[in-house]
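# Overview (structure and organization)
Take a look at the letters that make up each chain.
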Amino acid sequence: MTEPLTGAPRTVSHDLPVSPEFEKFMAGDWAPTPLPADIRLAAADFTPTRRARLSARFPGERLIIPAGELRVRSNDCDHRFRPHSGYAWLTGLTGEEQAGHVLVLEPDGPHRHEAVLHVRPRSPRADGGFYRDRRYGEFWVGRRPDLDETERMTGIRCTVLGGQGDLPPGRDATADAELASALSELRLVKDAWETGQLQLAVNHTVAGFEDVVRDLPHALAHPRGERWIEGVFGRRARAEGNGTGYETIVASGAHACVLHWIRNDGPLDARQLVLLDAGVETDSLYTADITRTLPLSGRFSPVQRQVYDLVLAAQDAGIAALRPGACFRDFHRAAMRVIAEGLTEWGVLKSPEGDLHRRYTLCSSGHMLGLDVHDCAQARAKTYLDGVLEEGQVLTVEPGLYFQPDDETLPAELRGMGVRIEDDLVVTAEGARLMSSALPRTPDAIEAWMGELIESR
């Protein structure tokens, strides 16, 4: 096995030595396999504007945006590769073959840059790497576009990858905080193509939730019902897109009180709720992020409905606060006011004032959404968390109540119950559009929806 061109050293292969005769035999008689002539990426109509906006932030500076490197999962097996979101946003390239590639914005005058992609060429058929290199060889991991094909796909000039260490010095997006912040801030407002990709991700996610409900009888019968649900949703995500945009949360019963429960190894109890937080990531790497809390029996009990109704009222208040010019934190404040007042009416709190309600809510009520599930996270606070909403931003609204099973401030009937409702919205001139409206939100609509899907199996 040949050593990989870049990346960590790999375990020596135990393959038998290759004879000179075999090397010669493998080197010849291969037909051309060009990609179709019309391979331009849809995103390539938008990436020049994105690069120009970044260029304007750093006049005269060399900017280096790596796709990232492969990471070992175990011994000689790598994790699936996903390019750095900034690289994908600037190039439109999203495939696993991008590992190790680097976009460089070279200064071309005081106020503009030339984009150059440093890419690994196709596996040459002369040196044996195409069939012996298990990490990058074409017969092991699939075909890569050659330089000309990559240029036609992206509209960006390409050159052979020589390793990032051979590049001239410049600002590196993986190491420079200012460049990382700029890449996040420039992505806060989505262009029309991005919004379309996010809607596609939402649509596929809705289909995945429907798949889950149809298969609940099987999940209920399995000793790891949570994992069964995870697998059902994952099938839809891989069939329709690149996979899930983040680790799916399937939390039944008290597991729903763990905000990022991804073990998903528990059984399902028809008397309890299940919280499903999941999103399909499109092939373009834009992800949805939706949560529904469902009664496993198909019907909410009175106390389950009581808790659900309060969370729904909080979400309604948060959604109503979304509009251009509103502070980003306004929707969270609106949702938490409803929660605090509701907990006070129940006698859990003595007053809605102050922050004691946070014992039962734990986290914020939403975040930006896009290429990353928690998108634009490197943006400065003044442009994001302490900023104002703008038309074209996409975000989630996801209040929740998490009543821990050992919380003695609660009546027994509430302990061990977690409810979150999360939807994806795009800010419009008039307020916000609910992108995930195809999934029911009210208890009555959820019960009817579940009944119809299970009966239609």
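Definitions and cut-offs
Residues numbered from 1 in each chain as written. Predicted model: local features only at pLDDT ≥ 70, side-chain atom pairs only at ≥ 80, totals over all residues. Heavy atoms only, no water. UniProt positions renumbered as here; feature names shortened; annotations may be inferred. Domains from an automatic or database assignment. Buried area = accessible area lost by both parts, 1.4 Å probe. Salt bridge = Lys/Arg side-chain N within 4 Å of Asp/Glu carboxyl O. Patch = residues over 30% accessible without salt bridge, like charges linked within 9 Å, V, L, I, M, F, W, Y side chains within 5 Å. Areas by Shrake-Rupley, 256 points an atom, 1.4 Å probe, with all protein chains shown as cover. Helix = DSSP H or I, 4+ residues; strand = E, 2+ residues; numbered from the N terminus. pLDDT = per-residue confidence, 0-100. Contact = heavy atoms within 4.5 Å. Buried < 20%, exposed > 50% of the residue type's maximum accessible area, 1.4 Å probe, protein only. Pairing = 2+ DSSP bridges. Axes fitted to C-alpha atoms, helices over the stretch in contact; angles between N-to-C directions. Parallel < 35°, antiparallel > 145°, perpendicular 65-115°, else oblique. Left-handed = near helix turned anticlockwise from the far one by under 90°. Nonpolar A, V, L, I, M, F, W, Y, C, P; charged D, E, K, R; others polar.

The chain is annotated in an unreviewed UniProt entry as Xaa-Pro aminopeptidase from Streptomyces malaysiensis. Taken from UniProt, the Catalytic activity (unreviewed entry) comment for the chain reads in full: "Release of any N-terminal amino acid, including proline, that is linked to proline, even from a dipeptide or tripeptide." Under the heading Cofactor (unreviewed entry), UniProt records this for the chain: "Mn(2+)".

## Some words on the domain arrangement of the chain
Each assigned domain of the chain is listed with its residue range as follows: domain 1 (20–186) and domain 2 (189–456). For the pair domain 1 and domain 2, the summed buried area comes to about 1,400 Å², and 49% of that belongs to carbon and sulfur atoms. Among the residues domain 1 hides against domain 2, the three largest losses belong to Arg 82, Ser 184 and Glu 185. Together they make up 36% of the total. The interface formed by domain 1 and domain 2 includes three salt bridges. Close ionic contact of Glu 281 with Arg 82 constitutes a salt bridge, the shortest N to O distance being 3.0 Å.

## Topic: a nonpolar patch on the surface
On the surface, a nonpolar cluster with roughly 410 Å² of combined accessible area is contributed by Trp 30, Phe 139, Trp 140 and Val 141. Secondary-structure assignment places Trp 140 in helix α5 (residues 138–141).

## Some details on the confidence of the model for the chain
Low pLDDT marks regions whose predicted coordinates should not be analysed in detail. On average, residues of the chain carry a pLDDT of 94, and 96% of them reach 70 or more. Residue range residues 1–9 is modelled with pLDDT below 50. Its contacts to residues more than four positions away, or to other chains, number 25 contacts.

## Overview of the pairing of strand β5 (residues 113–119)
Along a regular strand, successive side chains alternate from one face of the sheet to the other. When you tally the buried positions in β5, you get six out of seven residues, the bulk of the element. Pairing between strand β4 (residues 102–107) and β5: six bridges, direction antiparallel. Pairing of Val 102 across the sheet is with His 118, part of β5. When β5 meets strand β6 (residues 157–160), the two strands line up parallel, connected through four bridges. Each residue of the ladder has a partner; that of Val 116, found in β6, is Arg 157.

## What about the side chain of His 357?
Along the chain, the position of His 357 falls in the loop between α12 (330–345) and α13 (358–361). Since its relative accessible area comes to 10%, His 357 is described here as buried.

## A closer look at the side chain of Thr 248
For Thr 248, the position within the fold is in the loop between β8 (243–244) and β9 (249–252). The class for Thr 248 is buried, based on a relative accessible area of 3%. The contact partners of Thr 248, leaving out residues within four places of it in the chain, are Glu 230, Phe 233, Trp 261, Ile 262, Asn 264, Leu 276, Asp 277 and Ala 278.

## Brief notes about unusual backbone geometry
Positive phi, normally seen in glycine, also occurs at Asp 29, with a value near 65 degrees. Of note, Asp 29 is situated in the loop between α1 (20–27) and α2 (47–57). Exposure remark for Asp 29: the relative accessible area of 81% places this residue in the exposed category.

## What about the packing of helix α8 (residues 192–214) against helix α14 (residues 443–455)?
Two numbers describe how α8 lies on α14: the axes approach to 8 Å, and their chain directions differ by 70 degrees. Comparing their axes, α14 and α8 come out roughly perpendicular. As for how α8 packs across α14, the hand of that crossing is right-handed. Across the interface between the two elements, Phe 209, Glu 210, Val 213 and Arg 214 from α8 touch Trp 449, Met 450, Leu 453 and Ile 454 from α14. Among the residues making up the contact of α8 with α14, the classes are represented as six nonpolar, no polar and two charged.

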